[in-house]
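What follows is the residue order along each chain.
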Amino acid sequence: MPGTERVEITGPYGDRYDEILTPQAIDLIAALHAELGPRRAELLAARRRRQAELSGGAMLDFLPETQSIRDDPSWRVASPAPGLVDRRVEITGPTDKKMTINALNSGAKVWLADFEDANTPLWDNMITGQLNLKDALDRTIDYASDEGKEYALRPADELATIVVRPRGWHLDEKHILIDGKRASGSLVDFGLYMAACAQRQLETGKGPYFYLAKNESHLEARLWNDAFNLAQDALGIPRGTIRATVLIETIPAAFEMEEILYELRDHSAGLNAGRWDYLFSVIKKFRTRGREFVLPERNSVTMTAPFMRAYTELLVKTCHQRGAHAMGGMAAFIPSRRDAEVNAKAMAKVREDKTRESQDGFDGSWVAHPDLVPLCQEVFDGVLGTNPNQLGKLREDVSVTAEDLLAVSKTPGVITEAGLRNDISVALQYLANWLGGNGAVAIFNLMEDAATAEISRSQVWQWIHNDVRLDDDTLVTRDLVEGLIDDELSKIRALTGDGFDAERYGQAVALFTEVALADDFADFLTIPAYERMP
């Protein structure tokens with residue numbers, strides 16, 4: 001595989017990989033690492049220090065050292081960029097060929113082309129995903145299913161705007177070594193897309209746009225902003241061309257929303273309420289703090305829980321006061337063609353969720369399936385009409401305190417054996433698929449990704465380590481969970497039949513045991529999972 005003196009590419013070479021792993025792309029990745037690699041390491045160390053402080057009894061609060069930024073009413077983010085003015089419906093999904101075509105054709109305004117939670121970071125997935133985006137911009141992409149159904153792009157003016165989500169700062173790319181060390185997955189995904197597709201995006205009248213995942217502080221946003229400037233300068237693109245929407249999907253970031261917008265203000269396209277990872281972050285950050293921070297079972301925690309209402313309302317207010325888009329959370333329901341009753345109930349819940357978001361002032365929201373695009377658009381059309389967004393809705397009525405954001409104990413709901421079993425089953429099924437190369441998995445009529453698997457395994461860990469009892473007074477122990485793993489695996493085997501992959505499910509059980517039952521809590525399940533794949 002081609003490389004340079006500093007950069008070694010150890011992954012196998014596939015068809016057309018040279019179109020992505022170009023000398024320009026390799027040089028850009030090397031330059032990004034030379035300038036930003038040490039700061040990335042420092043910021044990841046800062047995360048570990050903060051976790052130790054929280055585990056030791058510290059509490060999160062708004063930062064006194066950035067009070068002047070929050071108090072200054074004069075600054076605004078950049079005006080919305082072409083293709084990001086109207087974002088009333090956004091669809092998410094990985095970058096395989098079929099999803100690329102379907103997402104762009106879906107009728108959504110934006111497609112989040114995902115190299116992160118809905119993607120498994122197999123080397124082939126990472127490079128062919130970039131190729132699919134390049135081909136989509138060149139309009140040379142097509143796909144034929146095994147059944148003979150053919151997929152092709154609609155006219156350019158009917159396609160969604162591509163917004164790429166690179167991997168988070170914590171993830172490495174083990175197939176690219178820089179000075180003998182693994183490259184940052186974030187900088188690899190960003191650099192490859194910029195080199196291959198930035199100019200192509202500009203030629204469509206839009207630009208290179210990104211969603212930024214798993215950020216925990218404004219200093220991490222500053223690191224991204226510096227990466228943007230470095231890449232724009234290297235490629236001869238004017239500064240401010242890149243635009244980025246930051247997912248507020250960690251609870252530390254909820255206390256730094258204004259500062260995050262400020263750091264990215266020349267490149268900012270707003271904030272998104274990443275609800276599933278946010279729940280995971282709450283559990284992770286306060287996992288040893290007793291019952292005050294123990295959530296009910298996953299499926300009973302809704303967006304109307306007081307701490308979730310505080311988070312989303314503060315996000316809308318913060319964004320609109322600074323001229324930034326506020327994007328709502330995921331509708332993960334997968335419509336079924338077999339069960340009309342299940343569909344009707346789920347669609348009613350999706351409508352209720354999107355109605356609340358639209359009335360709260362969000363400028364748009366996410367769906368995981370093309371069949372949900374019309375419903376989401378209908379709801380937001382009802383509020384927006386012909387207006388492209390709700391930036392004028394300033395939500396000056398909202399006042400959120402640190403105590404409001406941390407009011408986890410006020411969350412209604414219970415913890416049942418059925419809820420515990422659901423966590424185990426979802427995690428096992430997802431991990432088995434993830435290890436096989438599929439990062440977006442339909443389970444029990446929901447599109448599951450790494451974030452929901454993280455909630456499932458972290459809840460189990462927290463319940464065991466905080467002496468939680470189920471609603472029938474059964475104590476959640478390691479022995480109990482091990483027995484339920486066997487039960488749920490038997491159910492999966494029976495439902496799957498001849499397609500059951502015993503080896504892969506054996507790996508899934510081992511991985512789930514490692515991240516849910518071990519004494520030490522793994523920060524992200526995707527890190528040990530990545531070591532289990534080629």
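See the structure printed just above.
Since this is a predicted model, take the numbers as computed values, not measurements.

Draft legend 1. Just the overall build of the protein, in detail. Scanning the protein from terminus to terminus reveals 18 helices and 15 strands. For 534 residues, the compact-globule estimate of 2.2 N^0.38 gives 24 Å, and the protein sits close to it at 22 Å. Projected onto the principal axes, the alpha-carbon positions of the protein cover approximately 65 × 55 × 50 Å. Evaluated residue by residue, the protein yields a buried proportion of 61% over its 534 residues. The contacts in the protein between residues at least 6 apart in sequence include a share of 78% that link residues at least 24 apart. Surface exposure of the protein reaches about 20,500 Å², of which carbon and sulfur atoms provide 48%. Positive and negative side-chain charges in the protein, numbering 59 and 83 respectively, have mean positions lying 2 Å apart.

Draft legend 2. Structural context of the sheet that holds strand β8 (residues 181-184). Read across the sheet, three strands follow the order β1-β7-β8 without closing on themselves; strand pairing throughout is antiparallel. Only two strands of the sheet have a single partner each, and these edge strands are β1 (7-9) and β8. The average undirected angle you get between the axes of adjacent strands in this sheet is 55°. Relative to strand β7 (residues 172-178), β1 runs antiparallel, the two sharing three bridges. From the neighbouring strand, Ile 9 faces β7, where its bridge partner is Ile 176. Where helix α1 (residues 23-55) meets the sheet, its contacts fall on β1, β7 and β8, and the angle it forms with β7 comes to roughly 105°.

Draft legend 3. Summary view of the side chain of Ser 184. With respect to the helices and strands, Ser 184 occurs in strand β8. Excluding its chain neighbours within four sequence positions, the residues that come into contact with Ser 184 are His 33, Arg 40, Trp 169, Leu 171 and Glu 173.

Draft legend 4. Main features of the side chain of Thr 245. Mapping Thr 245 onto the fold places it in strand β10 (residues 243-248). For Thr 245, a relative accessible area of 1% gives the class buried. Of the polar contacts made by the side chain of Thr 245, one reaches the side chain of Arg 87; its length is 3.0 Å. Ignoring anything within four residues of it in the chain, the contact list for Thr 245 reads Arg 87, Phe 210, Tyr 211, Leu 212, Ala 269, Gly 270, Leu 271 and Asn 272.

Draft legend 5. Structural view of the packing of helix α9 (residues 275-285) against helix α10 (residues 306-321). Between α9 and α10, the least distance of the axes is 12 Å, while the angle of their chain directions is 125°. Regarding the angle of α9 to α10, the classification is oblique. As α9 runs across α10, the sense of the crossing is right-handed. Facing Arg 275, Tyr 278, Leu 279 and Val 282 of α9, the residues of α10 in contact are Phe 307, Met 308 and Tyr 311. Taken together, the residues of the contact of α9 with α10 break down into six nonpolar, no polar and one charged.

Draft legend 6. Main features of the pattern of salt bridges. All chains considered together, the criterion is met by 48 salt bridges. As a salt-bridge pair, Arg 39 and Asp 226 come within 2.7 Å of each other at their nearest N and O atoms. Here Arg 39 is found in helix α1, whereas its partner Asp 226 is found in helix α6 (residues 218-235), with 187 residues between them in sequence. By relative accessible area, Arg 39 is classed as partly exposed at 27%. The salt bridge involving Arg 182 is made with Glu 531; its shortest N-O contact spans 2.8 Å. Linking Arg 182 in strand β8 with Glu 531 in helix α18 (residues 526-531), this pair joins segments that are 349 residues apart in sequence. You can call Arg 182 partly exposed: its relative accessible area is 33%. Residue classification places Glu 531 among the partly exposed positions, given a relative accessible area of 45%.

Draft legend 7. The arrangement of the nonpolar core in detail. If you look at the biggest cluster of nonpolar residues, it comprises 125 residues, and the most contacted ones within it are Trp 111, Phe 190, Ile 248 and Leu 315. Residues Ile 415, Val 509, Val 515 and Ala 522 belong to the second largest nonpolar core, which totals 42 residues.

Draft legend 8. How the structure looks around α1. Here α1 contains 33 residues, and its C-alpha end-to-end distance of 45 Å stays within 8% of the 48 Å for a straight helix at 1.5 Å per residue. Of all the bends found along α1, the most pronounced is centred on Leu 36 and spans about 55°, while Pro 38, a proline, follows it within four residues. In the stretch just after α1, Gly 57 is the one whose phi turns positive, near 115°.

What counts and how
- Residues numbered from 1 in each chain as written.
- Predicted model: local features only at pLDDT ≥ 70, side-chain atom pairs only at ≥ 80, totals over all residues.
- Heavy atoms only, no water.
- Helix = DSSP H or I, 4+ residues; strand = E, 2+ residues; numbered from the N terminus.
- Rg over C-alpha atoms; globule rule 2.2 N^0.38 Å.
- Buried < 20%, exposed > 50% of the residue type's maximum accessible area, 1.4 Å probe, protein only.
- Contact = heavy atoms within 4.5 Å.
- Areas by Shrake-Rupley, 256 points an atom, 1.4 Å probe, with all protein chains shown as cover.
- Lys, Arg positive; Asp, Glu negative; His and termini not counted.
- Charge placed at Lys NZ, Arg CZ, Asp CG, Glu CD.
- Pairing = 2+ DSSP bridges.
- Axes fitted to C-alpha atoms, helices over the stretch in contact; angles between N-to-C directions.
- Polar contact = N/O pair within 3.5 Å; in protein donor to acceptor, adjacent residues only side chain to side chain.
- Parallel < 35°, antiparallel > 145°, perpendicular 65-115°, else oblique.
- Left-handed = near helix turned anticlockwise from the far one by under 90°.
- Nonpolar A, V, L, I, M, F, W, Y, C, P; charged D, E, K, R; others polar.
- Salt bridge = Lys/Arg side-chain N within 4 Å of Asp/Glu carboxyl O.
- Core = buried A, V, L, I, M, F, W, Y, C linked by side-chain atoms within 4.5 Å.
- Expected span 1.5 Å × (residues − 1).
- Bend = angle between axes of the 7 residues up to and from the residue.

Don't take any of this as a statement about function, it's just geometry.
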